[in-house]
Protein chains: 2
Amino acid sequence: MPKHIVLFGAGRSATRFIQYIQDLAEEKNWILTLADRDADLLQRKAKNNKHTRSLVFDLSQESLLHELVTSADLIVSMLPAHLHISIAKVCLEVGRHMLTASYISKEMMELNDEAIKKDLLFLNEMGVDPGIDHLSAMELLDRLREQGAEITCFESFTGGLPAPGCSDDNPWNYFFSWNPRNVVLAGAGGAVKFRQEGKYKYIPYHKLFRRTEIVQLPKLGRFEGYPNRDSLKYRSAYGLEDIPTIFRGTFRRPGFCRAWDIFVKLGMTDDSYEIYNDGSLTHREFVNLFLAFHQSDSVELKLMHYLNIPQDSDIMEKLEWLELFSHEPIELQRATPAQILEHILMKKWTMQPEQRDMIVMFHKVGYKMPGDSEKFIHSYMSYEGKSANDTAMSDTVGLPLGVAAELILDGVITRRGVVLPVMKDVYEPMLAKLKTYGIVFEETAPLD
Amino acid sequence: MPKHIVLFGAGRSATRFIQYIQDLAEEKNWILTLADRDADLLQRKAKNNKHTRSLVFDLSQESLLHELVTSADLIVSMLPAHLHISIAKVCLEVGRHMLTASYISKEMMELNDEAIKKDLLFLNEMGVDPGIDHLSAMELLDRLREQGAEITCFESFTGGLPAPGCSDDNPWNYFFSWNPRNVVLAGAGGAVKFRQEGKYKYIPYHKLFRRTEIVQLPKLGRFEGYPNRDSLKYRSAYGLEDIPTIFRGTFRRPGFCRAWDIFVKLGMTDDSYEIYNDGSLTHREFVNLFLAFHQSDSVELKLMHYLNIPQDSDIMEKLEWLELFSHEPIELQRATPAQILEHILMKKWTMQPEQRDMIVMFHKVGYKMPGDSEKFIHSYMSYEGKSANDTAMSDTVGLPLGVAAELILDGVITRRGVVLPVMKDVYEPMLAKLKTYGIVFEETAPLD
């Protein structure tokens, strides 16, 4: 009797997961059903694989959803995160396991008791970040604690960046390897919270990109990390309730944040109101909306004066490279500043077919062995994509999902309830398999 | 047959309105009913006046509300703005006029057609700002337009400030003469929008207090104005749809905004999350929450370095005067940064019994007579309070409400529908009466 995996959502980031299941389907006796609203997409993704079925499906088709879940051994949802819950409730009703790469929502967490009672696993946060970060951090933290160490500091960064050699003419060293809207709105909305040397620290959004940390990694070079909003939230899951320093962040190449800060300072990342555009708005006029009126000064001069930018700085070079001061029209009629900024950035930051991206993940752990002083370990991983269609981003989301599906169906992962992948019986087999696919962490003492 | 006025909400800002009605009650044959939840407050405010009745009343008492409105000739609501609508609906049902000092809400505006049909007046925005600003601006604008002028620029500022001589030892030249929470949150939440020389301009909150304008007024000295969020919203009501420059703002004394900006930059005006306080939080530690960790630097040094404040600047003097760096405890256990900042400011910015406040209002109007070049008129008004219990703030809210009540009951104001006081038949009799109570505008050419 073959085992049946149903994947909801077959979009861009599902590529590697589908490949993973198809590669093992013959040997494992699996059937994969792709359920998506987009028929064209389904055809491209199914690739005439004999173990793969495609079903044009919309979440409003309730009886079909019921039928699909009932026919499955495992449900994987790569739909937008807020759509998981309606599928999870059907899984609970008919008794099926479920797997996602998304943050556990409050609604999902509330299903925990009933899932345990019904002997079901709802495994979440099983992508790259969240996902691989949990697995690798917990392996390192548990290993140190087993040796008797007390953990004094935990910092963790992930970045999706151009692979080496793929952004040589791009002074930002950056392009979009995932949802551009999320990049534009990164950090917006609320204050960042973390803990440093026993003190709580709070940073407002408009200071976020000026409070960065520089990290140097062997062979990979230098990165700068800006803080994520949620540094405190995994303290209890990681067993770090009283840790003096905890900080989670996002990597960019040095110089990015200082220049991105200009957009924040101007107010261009605001998504709360619409700009008036009668059709005459250009890149240049968009910048001018945020600058004080002056009879004769140019937009460039007003900007440099307003935000104290030296004329010959790399910031002006970066802004000019994006053609921010050009007379090119903005085609959006009704749009927020954030949507217009995304529109301008897309013109230069869309990945070209030959361009390749890279995922870099880094953990810095401080610890004390009994009677010894504080020491630090750096643990890091990098993974390069193959092309604009086969990105490190989609590989590192799809591979953990694929491996987890395999381990669930093979009965290796036997946890039940709504689960975050932070336990040894989950991360150990996961990391062992991921290693064979090139997701490998290395450890060093800090570089000077 | 006496006429019956019912006032909902007899709090601090109602003092002058109650006085106004009581002063005229005998002559005009009026009865005033004060309806409030607070029995003590009612007793203090009624002052055993023989024309005044007090009723302990809560908005949840629906049948009593019906009875009260039915018994009245005019309803005045000084309750918090969101509570007006439930009273307005009863007024509409039983056919009574209503008067408020609050901004017209969307829900209120929707009652317009039915109010006209039922021959009712719902007159709003009849306090100081909004209120006296509408009356005085429209009088000036209409007068210029009647002379054939085209209006090219409209700027308008209001400020509640210490009266001259009442803040000599206070380097901020500021104390709370109205709701402190509104002062702390002023401008927060969204971008500011205005128009300058034909260009739309947008300012994000974190830049608001750095984009100020200095204004000098005869005898009153210098002020600085920061922009309000809603500069564009009265364009059509004022007949200024295509005006190149329109800007509305709030007055402070020079130097205030630059120092207030420090709180904004640090993130202390954020009202969206709660600070963790185990009881050990002091003023000094509150500041430190927003500063990067440093092994040895003092909080003062870290702050000056972080926000580029010269050690000998007036900004540090202002912060020290507020005892921001003291080890005084913060008694609030669960509070947002904005609530903690308000708590600290209350210790120094609460009006002392002998202190007096002042309202300053200023309009700058640019205009062109046919064939002539652009000219400017400055129109301004100042009004001083008598004590901390008899403030300019409550007088300038209560007097327009009192005058409007008189003019409605006397049949002088005959408009119907949901009305903003921008028409000649409203502002002309209003301004004539207000003048006799010391609310007088003077006009000059701009000072150099």
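Heads up: the structure comes first, above all this text.
Parameters and conventions
- Residues numbered from 1 in each chain as written.
- Chains lettered and ligands numbered in written order.
- Predicted model: local features only at pLDDT ≥ 70, side-chain atom pairs only at ≥ 80, totals over all residues.
- Heavy atoms only, no water.
- Helix = DSSP H or I, 4+ residues; strand = E, 2+ residues; numbered from the N terminus.
- Rg over C-alpha atoms; globule rule 2.2 N^0.38 Å.
- Buried < 20%, exposed > 50% of the residue type's maximum accessible area, 1.4 Å probe, protein only.
- Least-squares fit on C-alpha atoms with pLDDT ≥ 70 in both.
- Contact = heavy atoms within 4.5 Å.
- Pairing = 2+ DSSP bridges.
- Axes fitted to C-alpha atoms, helices over the stretch in contact; angles between N-to-C directions.
- Polar contact = N/O pair within 3.5 Å; in protein donor to acceptor, adjacent residues only side chain to side chain.
- Arc of directions from axis to C-beta.
- Buried area = accessible area lost by both parts, 1.4 Å probe.
- Salt bridge = Lys/Arg side-chain N within 4 Å of Asp/Glu carboxyl O.
- Nonpolar A, V, L, I, M, F, W, Y, C, P; charged D, E, K, R; others polar.

Asker: Give a description of the overall build of chain A that names residues and reports values.
Answerer: Helix and strand counts for chain A stand at 15 helices and 16 strands. Relative to the compact-globule value of 22 Å for 448 residues, chain A shows a C-alpha radius of gyration of 23 Å, a close match. Across its three principal directions, the C-alpha atoms of chain A cover 80 × 65 × 40 Å. In chain A, buried positions account for 58% of the 448 residues.

Asker: Please provide a residue-by-residue account of the relation of the copies chain A and chain B, values included.
Answerer: With an RMSD of 0.0 Å, chain A superimposes on chain B once it is rotated by 180° and translated 0.0 Å along the axis. Accordingly, the operation relating the two chain copies is best matched by a two-fold axis. When C-alpha positions in chain A are compared against the rotation axis, the closest is assigned to A:His206, at 3.5 Å. Both copies present the same face, since 100% of the interface residues in chain A are matched by interface residues at the equivalent positions in chain B.

Asker: Run through the sheet that holds strand S4 (residues 74–77) of chain A, naming residues and quoting values.
Answerer: All names here are of chain A. In space, the 7 strands of this open sheet follow the order S3-S2-S1-S4-S5-S6-S15, with parallel pairing throughout. Looking at strand neighbours, the two that pair on one side only are strand S3 (52–56) and strand S15 (417–419), the edges of this open sheet. Going from strand to strand, the sheet's axes swing by 15° on average, the running direction of each strand aside. For S4 and strand S5 (residues 97–100), the ladder comprises 4 bridges, and the chain directions are parallel. For serine 77, the partnering residue across the bridge sits in S5 and is threonine 100. The strands touched by helix H3 (residues 62–71) are strand S1 (3–8), strand S2 (30–36), S3 and S4; relative to S1, the strand with the most contacts, the crossing angle is about 140°.

Asker: Tell me about the sheet that holds strand S2 (residues 30–36) of chain B, residues and numbers included.
Answerer: Residues and elements named next belong to chain B. The 7 strands are arranged S3-S2-S1-S4-S5-S6-S17 in an open sheet whose pairing can be described as parallel. Edge strands, defined here as strands with exactly one partner in the open sheet, are strand S3 (52–56) and strand S17 (417–419). The average undirected angle you get between the axes of adjacent strands in this sheet is 15°. In the packing of helix H3 (residues 62–71) onto the sheet, the strands contacted are strand S1 (3–8), S2, S3 and strand S4 (74–77), and the crossing angle to S1 comes to about 140°.

Asker: Provide a residue-level description of the side chain of B:His206, including the pertinent values.
Answerer: Mapped onto the elements of the fold, B:His206 is located in the loop between strand S9 (199–203) and strand S10 (213–217). Engagement of the side chain of B:His206 in a polar contact is seen with the backbone oxygen of A:Lys265, the distance being 3.1 Å. Ignoring anything within four residues of it in the chain, the contact list for B:His206 reads A:His206, A:Val264, A:Lys265, B:Asp261, B:Val264 and B:Lys265.

Asker: How would you explain unusual backbone geometry if you had to name every residue and give the values?
Answerer: Keep in mind that most residues, glycine aside, have a negative phi and that most peptide bonds are trans. Residues and elements named next belong to chain A. That bond from aspartate 129 to proline 130 is cis: its omega, 10°, falls within 30 degrees of zero. With respect to the helices and strands, proline 130 occurs in the loop between strand S6 (121–123) and helix H7 (132–146). Positive phi, close to 50°, is recorded for glutamate 197, a residue that is not glycine. Taking the relative accessible area as the measure of exposure, glutamate 197 reaches 44% and is therefore partly exposed.

Asker: Pulling in residues and values, what's your account of the side chain of A:Thr245?
Answerer: Residue and element names in this part refer to chain A. In this fold, threonine 245 is placed in strand S12 (residues 245–252). The class of threonine 245 is buried, set by a relative accessible area of 8%. Not counting chain neighbours up to four residues away, the residues in contact with threonine 245 comprise Thr152, Cys153, Phe154, Glu155, Arg195, Gln196 and Glu197.

Asker: How would you sum up H3(A)? Please name residues and give values.
Answerer: All names here are of chain A. Leu65, Leu68 and Val69 are the residues of H3 that are buried. Here the buried residues of H3 occupy an arc of 95° about the axis, which is enough to place them on one side. Exposed residues lying more than 90 degrees from the buried face of H3 are Ser63 and Glu67. Turning to H3, the residues buried within the fold contact S1, S2, S3, S4 and helix H4 (84–94).

Asker: If you had to explain the interface of chain A and chain B to someone new, which residues and values would you point to?
Answerer: Interface size, as often reported, equals the accessible area lost upon joining of the parts. On the side of chain B, 32 residues touch chain A, which itself brings 30 residues to the contact. When chain A packs against chain B, the two sides together hide about 2,900 Å² of surface, and 57% of this comes from carbon and sulfur. Contact with chain B buries area across many residues of chain A, yet A:Tyr202, A:His206 and A:Phe293 alone supply 22% of it, more than any other trio. Here B:Lys199 and A:Glu285 are joined by a salt bridge, their closest N and O atoms 3.5 Å apart. There are 16 residue pairs in polar contact (both at pLDDT 80 or more) connecting chain A and chain B. Looking at the side of chain A that touches chain B, the elements that each hand over two or more residues are strand S8 (192–196), strand S9 (199–203), helix H9 (256–266), helix H10 (283–288) and helix H11 (299–306) of chain A. At 4 residues, S9(A) tops the list of elements feeding residues into the side of chain A that touches chain B. Taken together, the residues of the side of chain A that touches chain B sort by class into 16 nonpolar, 4 polar and 10 charged.

Function cannot be read off these values alone, since they describe shape.
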